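Okay, here's what each chain looks like letter by letter:
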Amino acid sequence: AFCEIVFDNSDGRLSVDGDEVVLRRTIGLKKDEFFLNRKRVNKNDVHSLLESAGFSKSNPYYIVQQGKVNALCSMSNEERLTLLKEVAGTTVY
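Residues numbered from 1 in each chain as written. Predicted model: local features only at pLDDT ≥ 70, side-chain atom pairs only at ≥ 80, totals over all residues. Heavy atoms only, no water.

Participant: A description of the overall build of the protein should follow, citing residues and the corresponding values.
Facilitator: A count of helical and extended segments in the protein gives 3 helices and 4 strands. Counting from the amino terminus, the protein carries its helices and strands in the arrangement β-β-β-β-α-α-α. Taken over the C-alpha trace, the protein has a radius of gyration of 17 Å; the compact-globule value for 93 residues is 12 Å, which it surpasses by more than 25%. Taken along the three principal axes of its C-alpha coordinates, the protein extends 45 × 30 × 25 Å. The long-range share in the protein, meaning contacts at least 24 apart out of those at least 6 apart in sequence, stands at 20%. Of the roughly 7700 Å² of accessible surface on the protein, 53% is carried by carbon and sulfur atoms. Across the protein, 13 positive and 13 negative side-chain charges occur, with their mean positions spaced 8 Å apart. (Helix = DSSP H or I, 4+ residues; strand = E, 2+ residues; numbered from the N terminus. Rg over C-alpha atoms; globule rule 2.2 N^0.38 Å. Contact = heavy atoms within 4.5 Å. Areas by Shrake-Rupley, 256 points an atom, 1.4 Å probe, with all protein chains shown as cover. Lys, Arg positive; Asp, Glu negative; His and termini not counted. Charge placed at Lys NZ, Arg CZ, Asp CG, Glu CD.)

In structure tokens:
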């Protein structure tokens, strides 16, 4: 099995040549394999590439679950403010 994500890189955010970047993870019985534009890379290369573009596993707010955008639109102003403070990391101040 595999999972593949195609990124629009027309703004050059990812440090890879091309307007489109294809990232694929193939799940194997013993070991997973990672591919960047059909070339095999290691997991650390994938992490470095995504972190250089601003994606970080320490910040979970880049991935939005299905239905969360609708929930955000129907929140009250107070709920939105609370969420924004949490995302910005200012809730303790």
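Let us keep going from here.
Participant: Describe the environment of Ser 52, with residues and values.
Facilitator: Position of Ser 52 among the secondary structure elements: in helix H1 (residues 43-52). Sequence-wise, Ser 52 and Val 6 are 46 residues apart; in three dimensions their C-alpha atoms are separated by 17 Å. A distance of 2.7 Å separates a polar side-chain atom of Ser 52 from the backbone oxygen of Leu 49. (Polar contact = N/O pair within 3.5 Å; in protein donor to acceptor, adjacent residues only side chain to side chain.)

Participant: Could you give an account of the sheet that holds strand S4 (residues 39-41), with specific residues and numbers?
Facilitator: The strand order across the open sheet built from 4 strands is S1-S2-S3-S4, with neighbouring strands paired in antiparallel fashion. One side of each edge strand has no neighbouring strand; the edge strands of this open sheet are strand S1 (2-8) and S4. Strand-to-strand twist across the sheet, computed as the mean angle between neighbouring axes with direction ignored, equals 25°. Relative to S4, strand S3 (residues 33-36) runs antiparallel, the two sharing 3 bridges. Note that in S4 the partner of Phe 35 across the bridge is Arg 40. (Pairing = 2+ DSSP bridges. Axes fitted to C-alpha atoms, helices over the stretch in contact; angles between N-to-C directions.)

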